[in-house]
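Below, each chain spelled out in residue letters.
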Amino acid sequence: MEKGECIDSRYPVITGPTASGKTGLAVAVASALGGEIVSADSRQVYSGMDLGTGKDLEEYGSVPYHLIDIAPAGYKYNLYEYLRDARSAIADIRCRGALPVICGGTGMYLESLVRGMKLPEVPENPTLRAELEGKTLEELTAILASMKALHNTTDVDTAKRAVRAIEIQTYYAEHPEVQTDTTPGEPDSNAVIIGVDIDREHRRLRISQRLRSRIDSGMIEEVKRLLDSGIPAENLIYYGLEYKFVTLYLTGAMSREEMVSALEIAIHQFAKRQMTWFRGMERRGIHIHWLPYDMPRNEFVDAVKLLLVQ
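Residues numbered from 1 in each chain as written. Predicted model: local features only at pLDDT ≥ 70, side-chain atom pairs only at ≥ 80, totals over all residues. Heavy atoms only, no water.

Draft legend 1. Broad picture of the nonpolar core. Counting residues in hydrophobic clusters, the biggest one holds 87 residues, and the most contacted among them are Ile37, Tyr82, Ile102 and Phe300. Excluding its chain neighbours within four sequence positions, the residues that come into contact with Tyr82 are Ser39, Ala40, Leu67, Tyr77, Ile102, Tyr109 and Leu113. Leu132, Leu140, Leu144 and Ala165 belong to the second largest nonpolar core, which has eight residues in total. (Core = buried A, V, L, I, M, F, W, Y, C linked by side-chain atoms within 4.5 Å. Buried < 20%, exposed > 50% of the residue type's maximum accessible area, 1.4 Å probe, protein only. Contact = heavy atoms within 4.5 Å.)

Draft legend 2. Molecular detail of the sheet that holds strand 7 (residues 191-197). Judged by pairing direction, the sheet is parallel, and its six strands sit side by side in the order 4-2-6-1-7-8 without closing on themselves. Single-partner strands in this sheet number two, and they are strand 4 (65-66) and strand 8 (288-292). Pairing of strand 1 (residues 11-15) with strand 7 involves five bridges; the strand directions are parallel. Among the inter-strand pairings, Val13 is bridged to a residue of strand 7, identified as Ile193. Strands strand 1, strand 6 (99-103) and strand 7 of the sheet are contacted by helix 3 (residues 107-114), whose axis makes an angle of about 160° with strand 1. The strands touched by helix 12 (residues 297-309) are strand 1, strand 6, strand 7 and strand 8; relative to strand 7, the strand with the most contacts, the crossing angle is about 150°. (Pairing = 2+ DSSP bridges. Helix = DSSP H or I, 4+ residues; strand = E, 2+ residues; numbered from the N terminus. Axes fitted to C-alpha atoms, helices over the stretch in contact; angles between N-to-C directions.)

Draft legend 3. Inspection of the pairing of strand 2 (residues 35-39) at higher detail. Counting buried residues along strand 2, five of its five residues qualify, which places the element largely inside the surrounding structure. Side-chain alternation along strand 2 places Gly35, Ile37 and Ser39 on one buried face and Glu36 and Val38 on a second face that is also buried. Bridging between strand 2 and strand 6 involves five bridges; their strand directions are parallel. Of the residues in strand 6, the one forming a bridge with Val38 is Ile102. The sheet contact formed by strand 2 and strand 4 spans two bridges and is parallel. Bridge pairing in strand 4 links Ile37 to Tyr65.

Written out as structure tokens, the structure reads:
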């Protein structure tokens, strides 16, 4: 390849529910094919949030990775930023003659990326925020539902998220010349989506085992360090799952036993929502090639190779 020439070929997008083992499989693919990982995880972008987000950086070995540890904990990274950064990373990898390997379980990020979604950078609207201040989450959800169809609960997990979603929809309404988040751009025909298929029973078992392992490895201490560094508790709660429940425990809102039990249930529910999103992607015309989670890594790599040349 000549200097300045970028390859434009098919590349794998490896996804699946939490605890399916997709990171290790993606690293095996990248290692075998001269690739670099581009994360598609909405929380692994944050520095210092390691155990709770399952970065598993020790699995990467010498394989380069992107979009991990690129924002400070406490920041609210968004879809616009992800699409901008992911596309930049993919272009950079291609122009160095390497293979981008997308890996992650944030369905909204993945679907928006492969659909070629284009989003404007929506600025904050202080006037609107002042008008919405004090409204309950139920009231905010009703307002948002009147503006767009609510396909998932992500936008209304918290009042802050609901306000931001309303802010974005208001911007779209006031600027009809821009594409909205329901209007796909030019789909990326080079993306080959591969799902790591794991049955419900084994998924639940692995989630429970991994949770206990992360707690034993210092996940609670990790959240305490973030709180001690000055990050407000509400900012950590915003990130959900591990950071929400461990923060509630550390601030005295629940006991350790209540925290572990509620968190385990929440992660199981999260994995179920992930699968619902992936099935929705398939209904919306995105083909996912499902491969078994327990497939030997060399066989998984061979299967991906075949899919890339089909």
